[in-house]
Amino acid sequence: MSQTLRIGGAVGAGLRRAMEDDPKVILMGEDVGKLGGVFRVTDGLQKDFGEDRVIDTPLAESGILGTAIGLAIRGWRPVCEIQFNGFVYPAFDQIVCQLAKMHYRSQGTVPLPIVVRIPCGGGIGAVEHHSESPEAYFAHTAGLKVVSCSNSHDAYWMIQQAIASDDPVIFFEPLRRYQEKGEVDTSGDLSQAYPLFSTKVEREGDDATVVAWGSMVKVAHDAATAAAEEGRSLEVVNLRTLSPLDMEPVYASVRKTGRMVVVHEAPSNVGIGAEIAARVTQDCFYSLESPVLRVTGYDTPYPAARLEEEYLPDLDRVLDAVDRTFGY
Amino acid sequence: MSQTLRIGGAVGAGLRRAMEDDPKVILMGEDVGKLGGVFRVTDGLQKDFGEDRVIDTPLAESGILGTAIGLAIRGWRPVCEIQFNGFVYPAFDQIVCQLAKMHYRSQGTVPLPIVVRIPCGGGIGAVEHHSESPEAYFAHTAGLKVVSCSNSHDAYWMIQQAIASDDPVIFFEPLRRYQEKGEVDTSGDLSQAYPLFSTKVEREGDDATVVAWGSMVKVAHDAATAAAEEGRSLEVVNLRTLSPLDMEPVYASVRKTGRMVVVHEAPSNVGIGAEIAARVTQDCFYSLESPVLRVTGYDTPYPAARLEEEYLPDLDRVLDAVDRTFGY
Amino acid sequence: MVNGDQNRAGPKKKAARGRKKPAAAATGPVDMVQLLTPEGERVSHPEYDVDLSDQQYRDLYRDMVIVRRLDAEGTALQRQGQLGIWASLLGQEAAQIGSGRALAKQDMVFPTYREHGVLWTRDIDPIMPFGLFRGIDLGGWDSRKYRFQMYTIVIGAQSLHATGYAMGITKDGKVGGDDGEAVIAYFGDGASSQGDVNESFVWASVYNAPVVFFCQNNQYAISEPVIRQAKAPLYKRADGFGFPGVRVDGNDVLATLAVTTRAMDNARHGNGPTFIEAYTYRMGAHTTTDDPTRYRDSGEVEAWRAKDPVSRMRTFLERQSIADTDYFDGIDAEAQQHALDLRERVIALPDPEPGAIFDHVYSGGSPLVEREREEFQAYHASFEGSEH
Amino acid sequence: MVNGDQNRAGPKKKAARGRKKPAAAATGPVDMVQLLTPEGERVSHPEYDVDLSDQQYRDLYRDMVIVRRLDAEGTALQRQGQLGIWASLLGQEAAQIGSGRALAKQDMVFPTYREHGVLWTRDIDPIMPFGLFRGIDLGGWDSRKYRFQMYTIVIGAQSLHATGYAMGITKDGKVGGDDGEAVIAYFGDGASSQGDVNESFVWASVYNAPVVFFCQNNQYAISEPVIRQAKAPLYKRADGFGFPGVRVDGNDVLATLAVTTRAMDNARHGNGPTFIEAYTYRMGAHTTTDDPTRYRDSGEVEAWRAKDPVSRMRTFLERQSIADTDYFDGIDAEAQQHALDLRERVIALPDPEPGAIFDHVYSGGSPLVEREREEFQAYHASFEGSEH
Ligand SMILES: Cc1ncc(C[n+]2csc(CCOP(=O)(O)OP(=O)(O)O)c2C)c(N)n1
Ligand SMILES: Cc1ncc(C[n+]2csc(CCOP(=O)(O)OP(=O)(O)O)c2C)c(N)n1
Ligand SMILES: [Mg+2]
Ligand SMILES: [Mg+2]
């Protein structure tokens, strides 16, 4: 079975299926109920599953995460929505000190199967705090798993896999791509879907590797298409899992191409791009024709909306970096 | 003038001098007043400067940071103490969304000269949340400056420089070294002190470079001493500033030695070691005889106290990594 | 800029009395301070009153009409693609003008993102926040100069800043007299759930800070009715933290003025914080991206329309013969003029230079940011002449 | 393990009456529920009472003596280097035993790091938390099995967990009858300032969650007296959030039992949360690393010693002839036996295997952690035979 769904709709469809499959799955967040979320991702779910399973919470993110933890201890499987990326920080303590550590603290006796959904990244002309990419904070936090979907098919399956995971998962959704449509193969079940914590080579190429996730995957594909016109063959790797990283496909790719560019919207400094560069350099030292280069948001706060086009990595900046890998 | 001071005492002496020099400097935190802080760093300051300038706050870290921001807007220069590293997270939102961004948001009209003092790292046999090294979170946050002192002299001067900075500074203190004594040259003034945001080569060597900060600097020096006995000459670089990084001395060192090991207590994944590795690889690609290796805490939550000796980088692990850089 | 006669309309100490003091009719409901009923009737309250000249009454009306008109212009500009988003104050004019006009020059305001009306009362060019909503800056004003902080988007964060600022006032010895300074912190009903807001109550109480918490309970946090935030009336929250809370009819500019004036005076005289819950209603959408028909019915909206803050004031002015049709028409025309002027100037606001991304990250600079700035410039220079 | 006769001592539904119901003397102070004065006099309270058998009175005394003795052993073990740190409950025995004995088997406890007394009432081997204080684990127990959560060190965090758990009870349909489930969340006076604690009040109220917030106001948060946290009495906090708050004499085990029983029953019957402030005193140091002489004087400590929870209960038992010297001596001996047994077993607790660092980071595993585990093992193997 195949369906055409927008990415936002695919997350919603995945949530719906997870709720049907497991009566313990509940949704919590600001405006997720009657409104269906500010992006309508949870549209219709409260109507169909009731206020008991789709919960409009008070406006306090620490409260959302903290009560979700209590609910999970009780045996529920909460999926928390953080309305925008920049509003996850009030919950940071609960995420870093409790959500990430409970399983370890309890010697494995108290898992916390909680998913935290965060619309991520910029590009929609929003005001401050609505366009950030906070994934590095969570990837640096042992005990959390962090993933990012980038197309409808992945959105549909990855959200279900995240919910089925007994580990807490920070689930990033590519905010500015919510409206983009794609084919979703809804047949089969979770066990048949591409594994959640696995990276995927989405386009094969020989000359250089472009690694991306979330909103930037499309940019990477566009760059590969443009490069192909110029006779350069780029391999596009969709990271999908940001923690733990699935490095083998990345290593395999760079061993083939010898060159790598990592693209992300977050600032470069101490970002996930740095980790990939460090690991690739360590494990593929003699395969590298040039250092791993990063194309990222700049090391500034996210700027005013009318500057974001300059701030965010785009096709040209990716191609420019690819060119530079040939300059070594 | 030279004085022998413990590192904790040197921070205290620096705070005292800053308070004498500028009546706008105030201290805030849990137990910083009458008790003098749980490590006695602020001992005697409330007695001498009064409750108005040394403030025992309510037990709420977001409140400490949030009110400090208001006080700074009013023209005060708050120095906030976070009692232990693991308790900074309730203040994370105020730090990341407000402290880091106000100057940018205001187009430079509203500086926030706030220092956040955080005792950092493990090694004291404490319970959970008392032994963490959260510096990567802050270094990844544009708008913050992040430094780490590692000896008495630096402690004395760096805290004063941090307070004098108009930018917000996250100031890490090497918790397990508070009691270690060192010479402090208290003569001169701030303008003559070694610049705050500058890295320092503390021991010259030719064969490999060891980069460290905070508590790990001593480990690096010990490793260099041990290596010297085996005929290997290590250069020890004390990073001091974690954001912005001062990379030139690091590059210069690796261009000389060709090999580098970065040591930190925080987990490796998306840590500052990754950033250093990525930048060194990019800017010194042809100087590297081997990839930059990292010796760090493991990618687990900080373990129970009786496991920390195994968890924390030590002399042997550093030497092992140095050996491995010769294996490429 | 057209921002004319803006005398502070707070209760005068020695104001010439108006022609006649409007008669106070029935007593308002005790659990909500009211001095002007929805029907425009002046009522008395056992504890609060205002003593205003006709001119002051008219000024309050004028303020409300103008900020409503400017706000409508914000919405229109967004619809026309001139703004990225707009957060309308429609329905909350009395709460904002009444509280704003209660402030003294030396007081400091910590707003949310919706306090365009309060901003107006500070003699600030109303264009100031439009850079934020247009996406050309993040606020970008000198909040100390204007004694009006930048808009805060993270819900509740500013309540702690306000409290800290107020603590600073105390440290400066600037409380205790009529010329004392005080702070007002605005936030919404939704914000009352945030840890930060509750922590600010702790701090304000413990340090007896000269701060007034002004909560506009407009009944909604986006789609969520206030019942999702609290079972008890919000104003009751304060008592348990050790300072007084009061609920005022937030659609009654006179009551809001009276209650806020008293609270600010208490603060500036060293008597500590007050929590004010202004009971009002967000007549429009949460912001221009919101569709309120998804979560509330028109009946509710209509019921609140009958309590409109502007029309009740107009009825009052008419009944008391404080103003006539000519006056009202004049104000409407003035408001229209303000709006047209604003529109023109907003549309003319230039985009920032691309390199502005790198400005003001730090006061003391950063080699990383400077390196990125240089690379950025070199990169852009490489396109010069190309079609990029 | 020696953890003998531990019948739940809550008010019996159909308990055989004791020989004589102890006479209630004067009425306790109304702002603090008290049933037993510091002098051991049984007083009545207009709203609260307990109806206990002699055995139950004795059991409460026994509980307090034993947990005090075990606690002293914790302190001693730390002094002797067997523990990294110990957080003593000295002085808070009545608050912990009274509240703990009010719980039903099906109830769930969310403690801080100091609730060793409550733990005792749950029929849990008192050695359980010693792994944490010894530094061999981070708690490490199955909190669901014991219906007693792991100790929480981040101040206030557990109040939200407790509230969420309670919401889950409601979702499970497990409220509304005598067999309903309820939750008790412990925290300190200092914790009352944390955003999380206040947010948990919001949540509990809005969802009418079956949770009791039990705040042991032991007058200090490390060195800071409660006046640094609040101007108003803490129990008043609840009212503004929409649920009842009550202050109980936390050194009175009977009053604490009575008040907690009522609150838990209300919760389990679907009547929502209660906030209990147990007014008590931390007689010892904050933890073994603390030196309280730096911030409080002995006079204050002595004044509180006169209100000791254990001795007032002993006086009561003596006066009412519910127990005699033989009994007391027997309890002391039993407590001593418990302590010696505990000491022996604590000292015998083995250190974890080094590789335990890598266990249980994830339920579903992680290639990074596994790689590090392997490298760790290879690295350690390389030292084998060496003097390392
Ligand atoms: C910390 C945080 N969480 C979520 C949001 C998204 N958000 C913006 S406004 C709003 C509702 C605010 O409601 P209220 O406090 O009542 O103020 P109002 O908009 O009604 O004036 C929400 C949830 C935010 N800005 N900050
Ligand atoms: C978030 C956080 N901040 C600071 C600390 C350090 N700390 C541990 S106990 C304590 C005082 C707690 O006081 P209170 O809540 O009254 O509990 P008590 O220790 O008196 O039982 C502090 C500040 C902490 N554990 N967590
Ligand atoms: Mg609202
Ligand atoms: Mg206490």
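Because the structure is a prediction, the values reported are computed rather than measured.

## Observations concerning the overall build of chain C
When helices and strands are tallied, chain C shows twelve helices and seven strands. On C-alpha atoms alone, chain C measures out to a radius of gyration of 22 Å, which is about the 21 Å that the 2.2 N^0.38 rule sets for 388 residues. Oriented by its inertia axes, the alpha-carbon framework of chain C measures out at about 75 × 50 × 45 Å. The buried share of chain C, reckoned over its 388 residues, is 63%. Of the roughly 13,400 Å² of accessible surface on chain C, a fraction of 49% belongs to carbon and sulfur atoms. When the 43 basic and 55 acidic side-chain charges of chain C are each reduced to a single mean position, those positions are 6 Å apart.

## Topic: the site of ligand 2
The local shell around ligand 2 holds 20 residues, among which Glu-61 of chain B together with Tyr-113, Arg-114, Ile-153 and Tyr-220 of chain D are the closest. Neighbouring residues of ligand 2 are not confined to one chain but are distributed across chains B and D. Note that an oxygen atom of ligand 2 is positioned 2.8 Å from one of the side-chain N or O atoms of Asp-189 of chain D. Backbone polar atom of Tyr-220 of chain D to an oxygen atom of ligand 2: 2.8 Å apart, as the coordinates give it.

## Quick look at the sheet that holds strand β7 (residues 274–279) of chain D
Residues and elements named next belong to chain D. The sheet built from five strands is open, its strands ordered β1-β2-β3-β7-β6 with parallel pairing. Unpaired on one side and paired on the other, β1 (108–110) and β6 (245–249) mark the two borders of the sheet. Strand-to-strand twist of the sheet, defined as the mean angle between neighbouring strand axes without regard to direction, takes the value 20°. Pairing between β1 and strand β2 (residues 183–188): three bridges, direction parallel. Bridge assignment links Met-108 to a residue of β2, and that residue is Val-183. Of the strands in this sheet, β2, β3 (211–217) and β7 are in contact with helix α2 (residues 93–100), which crosses β3 at around 165°.

## A word on the relation of the copies chain D and chain C
Mapping chain D onto chain C leaves a residual RMSD of 0.0 Å; the transformation is a rotation of 180° accompanied by 0.0 Å of translation along its axis. One copy is carried onto the other by what is essentially a two-fold rotation axis. Ranked by how close their C-alpha atoms come to the rotation axis, the residues of chain D are headed by Gly-195 of chain D, at 1.8 Å. Comparing interface residues between copies, 100% of those in chain D also sit at the interface in chain C, which points to an isologous, same-surface contact.

## Side note on the coordination of the magnesium ion (ligand 3)
Tetrahedral coordination by four donors puts the ideal angle at the metal at 109.5 degrees, and octahedral coordination by six puts it at 90 or 180 degrees. All names here are of chain C. Listed as protein donors to the magnesium ion (ligand 3) are Asp-189 (OD), Asn-218 (OD1) and Tyr-220 (O); their distances from the metal cover 2.0 to 2.1 Å. Positions of the donor residues of the magnesium ion (ligand 3), expressed as sequence spacing, correspond to D-x28-N-x1-Y. Here Asn-218 lies in the loop between β3 (211–217) and β4 (220–221) and Asp-189 lies in the loop between β2 (183–188) and α6 (195–206), a separation of 29 residues in the sequence. Assigned by exposure class, Asp-189 and Asn-218 land together as buried.

## Focus: the coordination of the magnesium ion (ligand 4)
All names here are of chain D. Summarising the metal site, the magnesium ion (ligand 4) is bound by the protein donors Asp-189 (OD), Asn-218 (OD1) and Tyr-220 (O), whose distances to it range over 2.0 to 2.1 Å. Taken in chain order, the donor set of the magnesium ion (ligand 4) reads D-x28-N-x1-Y. With a gap of 31 residues between them, Asp-189 in the loop between β2 and α6 (195–206) and Tyr-220 in strand β4 (residues 220–221) connect regions that are remote in the sequence. By the burial criterion, Asp-189 is buried, and Tyr-220 matches it.

## Remarks on the interface of chain A and chain B
Taken together, the contact pairs 50 residues of chain A with 50 residues of chain B. Each partner contributes to the roughly 4,500 Å² buried at the junction of chain A and chain B, and carbon and sulfur atoms together form 62% of this total. For the chain A face of the interface with chain B, the top three residues by lost area are Tyr-137, His-140 and Val-270 of chain A, together amounting to 17%. Applying the counting criterion to the chain A and chain B interface returns six salt bridges. With its nearest N and O atoms 3.8 Å apart, the salt bridge here joins Glu-132 of chain B to Lys-101 of chain A. Scanning the region where chain A abuts chain B turns up 18 residue pairs in polar contact (both at pLDDT 80 or more).

## Observations regarding the UniProt feature "domain: Transketolase-like pyrimidine-binding" (unreviewed entry) in chain A
The positions UniProt marks with the feature "domain: Transketolase-like pyrimidine-binding" (unreviewed entry) are residues 5–180 of chain A. Between the C-alpha atoms that bound residues 5–180 of chain A the distance is 8 Å, and the span itself is 36% helix and 18% strand.

## Regarding the site of ligand 1
In the neighbourhood of ligand 1, 20 residues make up the surrounding shell, with Glu-61 of chain A together with Tyr-113, Arg-114, Ile-153 and Gly-190 of chain C lying closest. Among the chains of the assembly, those with residues near ligand 1 are chains A and C. One nitrogen or oxygen atom from the main chain of Ile-153 of chain C is found 2.7 Å from a nitrogen atom belonging to ligand 1. One of the backbone nitrogen or oxygen atoms of Ile-155 of chain C is found 3.1 Å away from a nitrogen atom of ligand 1. A total of 570 Å² of accessible area belongs to ligand 1 in isolation, and the protein chains cover 95% of it. Residue composition of the shell around ligand 1, grouped by class: ten nonpolar, six polar and four charged.

## Some remarks on unusual backbone geometry
The bulk of non-glycine residues show a negative phi, and the bulk of peptide bonds are trans. Here the amide bond leading from Ser-243 of chain A into Pro-244 of chain A is cis, since omega sits at -5°, within 30 degrees of zero. The backbone of His-129 of chain B sits at a positive phi, close to 75°, despite the residue not being glycine. By relative accessible area, which is 2% here, His-129 of chain B ends up buried. Residue Arg-147 of chain C is not a glycine yet carries a positive backbone phi of 50°. By the element assignment, Arg-147 of chain C lies in the loop between α4 (130–134) and α5 (157–171).

## Quick notes on the nonpolar core
If you look at the biggest cluster of nonpolar residues, it comprises 399 residues, and the most contacted ones within it are Ile-276 of chain A together with Ile-276 of chain B. If we skip the residues at most four places from it in the chain, Ile-276 of chain A touches Val-211, Trp-213, Leu-239, Leu-245, Met-247, Val-250, Met-260 and Val-262 of chain A.

## Details of the relation of the copies chain A and chain B
Taken as rigid bodies, chain A and chain B are interconverted by a rotation of 180° and an axial shift of 0.0 Å, the fit giving an RMSD of 0.0 Å. Same-surface contact between copies: 100% of interface residues of chain A are shared with the interface of chain B.

## What to know about the interface of chain D and chain C
If you look at the interface, chain D gives 22 residues, while chain C gives 22 residues. With both sides pooled, the region where chain D packs onto chain C buries about 1,700 Å², and carbon together with sulfur makes up 56% of that total. The largest per-residue losses of area from chain D upon contact with chain C belong to Val-206, Lys-231 and Gly-240 of chain D, which jointly make up 29% of the total buried on that side. Inspection of the chain D/chain C interface yields four residue pairs in polar contact (both at pLDDT 80 or more). Element by element, the count of residues in the side of chain D that touches chain C is highest for α6 of chain D, at six residues. Across the side of chain D that touches chain C, the residue classes tally to seven nonpolar, nine polar and six charged.

## Digging into the packing of helix α8 (residues 216–229) of chain B against helix α12 (residues 315–325) of chain B
Residues and elements named next belong to chain B. Where α8 meets α12, the closest approach of the two axes is 9 Å, and the angle between their N-to-C directions is 60°. It follows that α8 is oblique to α12 by the angle criterion. Once α8 is placed against α12, the crossing between them reads as right-handed. Where α8 approaches α12, its residues Val-219, Asp-222, Ala-223, Ala-226 and Ala-227 are matched on the opposing element by Leu-315, Val-318 and Leu-319. Residue classes in the contact of α8 with α12 are distributed as seven nonpolar, no polar and one charged.

## What to know about the UniProt feature "domain: Dehydrogenase E1 component" (unreviewed entry) in chain C
Listed under "domain: Dehydrogenase E1 component" (unreviewed entry) in the UniProt record, and renumbered for this structure, are residues 62–338 of chain C. When the span residues 62–338 of chain C is considered, its composition is 43% helix and 11% strand, and the gap between its end C-alpha atoms is 12 Å.

## Focus: the pairing of strand β6 (residues 245–249) of chain C
The two faces of a sheet get side chains in turn, since along a regular strand they alternate between them. Residue and element names in this part refer to chain C. In terms of residue burial, β6 counts as a mostly covered element, since four of its five residues are buried. Pairing of β6 with strand β7 (residues 274–279) involves five bridges; the strand directions are parallel. Residue Asp-249 lies in a different strand from β7, and its bridge partner there is Tyr-279. The parallel pair β6 and β7 is bridged by helix α8 (residues 253–268), and the resulting crossover is right-handed.

## Digging into helix α11 (residues 325–348) of chain D
Residues and elements named next belong to chain D. Taking 1.5 Å as the rise per residue, α11 with 24 residues should run 34 Å; its terminal C-alpha atoms sit 35 Å apart, in good agreement. Within α11, burial applies to Tyr-327, Phe-328, Ile-331, Ala-335, His-338, Ala-339, Asp-341, Leu-342 and Val-346. Tucked inside the fold, the buried residues of α11 contact α1 (54–79), α3 (116–121), α4 (130–134) and α10 (309–319).

Parameters at a glance
Residues numbered from 1 in each chain as written. Chains lettered and ligands numbered in written order. Predicted model: local features only at pLDDT ≥ 70, side-chain atom pairs only at ≥ 80, totals over all residues. Heavy atoms only, no water. Helix = DSSP H or I, 4+ residues; strand = E, 2+ residues; numbered from the N terminus. Rg over C-alpha atoms; globule rule 2.2 N^0.38 Å. Buried < 20%, exposed > 50% of the residue type's maximum accessible area, 1.4 Å probe, protein only. Areas by Shrake-Rupley, 256 points an atom, 1.4 Å probe, with all protein chains shown as cover. Lys, Arg positive; Asp, Glu negative; His and termini not counted. Charge placed at Lys NZ, Arg CZ, Asp CG, Glu CD. Near = heavy atom within 4 Å. Polar contact = N/O pair within 3.5 Å; in protein donor to acceptor, adjacent residues only side chain to side chain. Pairing = 2+ DSSP bridges. Axes fitted to C-alpha atoms, helices over the stretch in contact; angles between N-to-C directions. Contact = heavy atoms within 4.5 Å. Least-squares fit on C-alpha atoms with pLDDT ≥ 70 in both. Donors = N, O, S within 2.8 Å, 3.2 Å for Na, K, Ca; no water. Buried area = accessible area lost by both parts, 1.4 Å probe. Salt bridge = Lys/Arg side-chain N within 4 Å of Asp/Glu carboxyl O. UniProt positions renumbered as here; feature names shortened; annotations may be inferred. Nonpolar A, V, L, I, M, F, W, Y, C, P; charged D, E, K, R; others polar. Core = buried A, V, L, I, M, F, W, Y, C linked by side-chain atoms within 4.5 Å. Parallel < 35°, antiparallel > 145°, perpendicular 65-115°, else oblique. Left-handed = near helix turned anticlockwise from the far one by under 90°. Right-handed = clockwise from strand over helix to strand, strands pointing away. Expected span 1.5 Å × (residues − 1).

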